[in-house]
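Descriptive structure summary
Single-letter residue listing:
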Amino acid sequence: MGGFLGDPKKRVRSKFLSFFKKNNTCSMEVTTLSKVAGLAGHLLARVPNLVLRDATADLSLLRTARIVLADPVLLAPHVSSLVQCEWVQSTWAGVDSLARVVTEPQRWTLTRFTGSFGQPMAEYVLGAIINHERHTHLYRKQQEARTWTQHPYRTLNNLTVGILGAGDIGSAVASTCAALGMTVHALVRTPRPTAPPIARIFQPSELSSLLSGVDYIVNILPSTPHTRGLLDGPALDVCTGRSPVLINVGRSDVASEATLLRALDRGLLAGAVLDVFATEPLPASSPLWTHPKVVITPHVAAVSFGPDVASLFAANLSRFHQEGAKGLRHVVNLAAGY
C-alpha cells in the first residue's frame, strides 16, 4: 500500500479513474496529432475509457475535435481547423511554432508539456561540458590516427556557467552543475532573489556582465520577442577575454548562424554545441557542419517520452472535466510565447 501511495503517476491514474467512475462517464474523445512513440498505448493504460482519434491519418478530424493532444510543429499548419476545439495540450515544452501562426485570440486554451525535461537537459549540458574539457572528440581523432598526445584540461569546480533562462529546466541544469562544484550564474527576465544553486542572478540589462564572466553559456530560453537575436550584433564581443563555449538547447533564434560563425572565427567563442537550428534538419549546405569548433546534435537534448506525456495529460484531463479550461495547468500565453 505504501508503495502505491508513494507513486505520483499511480495516484494520478487512481484519482482520474475514480472521478470518471463517480461521474458515470463512459468514454471521452481525444484527437491526437503526434509522433511521440507509443503515446496511444500509454494514454489508454492510464485512462482506459479514452476514445482516441488519430488525426495523423485523417486531418479532417481536427474540425470536430474538442480536445487535441498534439506536437506543435504538426498542428501549426492546421490551427484554422480547430473550429470546435476547447483545449490543446502540447506534447512539447516549446510552443513557438504555434505562437508564430496564432495571431488572434482563440476559443481554445493551450497548455504545454513540462516537468520532465530538466533531467535530460541537465545530462546533455553536463555531457557537453565534460566532452569539451576532456577533449573527447579530439582524442577520438587521435585514436583513429594512432597518435599519443596529452592535452591540458580544467576540472569542473574551476568553471563558471552562465544559464540563459532559469525556469524549471534551467533550474535543473543549475542544480546539476552546482552539485559538481561549478559556479552558476543565471539570466532571468523577472527579478528574484539569488539563492542556491545559483550564485548570482542577472537581469537582461546586465547581459554583458554575465557573458564576460563565464566559461560556458547555456541557452535554455524560449523563442519570444524578447529573446530573438539576444546574442546577435555586438553582444558576444565582451567574450573576448574568456572565450566561453556556447551550448544551445533552447531556441536557435537567440543568435543567427552568421553571428555564431563570426564569434567562432574571431575566437570570441571557443566552441559551440548546438542542438537547435533555424531550419531542421540542418541543411547540408550549412557551414556549421564542417566547422572545427562546432558539435551538432539533431534536436535530441530532451525528447518527449510517451509515459511522461500520458501522465501529465491524464492529470490535466481530469481537471478539464471537473473545472473546464480554468482548471488546466501549464497554460501558455501565446502572445508571450510561453
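Residues numbered from 1 in each chain as written. Predicted model: local features only at pLDDT ≥ 70, side-chain atom pairs only at ≥ 80, totals over all residues. Heavy atoms only, no water.

**As for the pairing of strand β2 (residues 50-54)**
- Pairing between strand β1 (residues 28-33) and β2: five bridges, direction parallel. By the bridge assignment, methionine 28 is partnered in β2 with leucine 50. (Pairing = 2+ DSSP bridges. Helix = DSSP H or I, 4+ residues; strand = E, 2+ residues; numbered from the N terminus.)

**Examining the sheet that holds strand β5 (residues 109-111)**
- An order of β2-β1-β3-β4-β5 is seen for the five strands of this open sheet, with the pairing classed as parallel. Only two strands of the sheet have a single partner each, and these edge strands are β2 and β5. Each neighbouring strand pair of the sheet contributes to a mean axis angle of 25°, computed without reference to strand direction.
- Both strand β3 (residues 67-70) and strand β4 (residues 87-90) contribute to a ladder of four bridges, which runs parallel. When the bridges of β4 are listed, isoleucine 67 appears paired with tryptophan 87.
- Contacting β1, β2 and β3, helix α3 (residues 39-46) runs over the sheet at an angle of about 165° to β2.
- Here helix α11 (residues 306-323) sits on the sheet and contacts β1, β2, β3, β4 and β5; the angle it forms with β4, its principal contact strand, is near 160°. (Axes fitted to C-alpha atoms, helices over the stretch in contact; angles between N-to-C directions. Contact = heavy atoms within 4.5 Å.)

**As for the nonpolar core**
- Judged by nonpolar contacts, the single largest core of 52 residues is most densely connected at Ile129 and Ile247.
- Filtering out sequence-adjacent residues up to four positions away, isoleucine 247 remains in contact with Tyr124, Val125, Ala128, Ile129, Tyr216, Ile217, Val218, Asn219 and Val273.
- Counting residues in hydrophobic clusters, the runner-up holds 27 residues, among them Phe202, Leu236, Val254 and Leu282. (Core = buried A, V, L, I, M, F, W, Y, C linked by side-chain atoms within 4.5 Å. Buried < 20%, exposed > 50% of the residue type's maximum accessible area, 1.4 Å probe, protein only.)

**Some remarks on the packing of α3 against α11**
- For the pair α3 and α11, interaxial distance at closest approach is 8 Å and the crossing angle is 45°. In terms of their interaxial angle, α3 and α11 are classed as oblique. Handedness of the α3/α11 crossing: right-handed. For the pair α3 and α11, the contacting residues are Leu39, His42, Leu43 and Arg46 in the first and Gly306, Pro307, Val309, Ala310, Ser311, Phe313 and Ala314 in the second.
- Taken together, the residues of the contact of α3 with α11 break down into seven nonpolar, three polar and one charged. (Parallel < 35°, antiparallel > 145°, perpendicular 65-115°, else oblique. Left-handed = near helix turned anticlockwise from the far one by under 90°. Nonpolar A, V, L, I, M, F, W, Y, C, P; charged D, E, K, R; others polar.)

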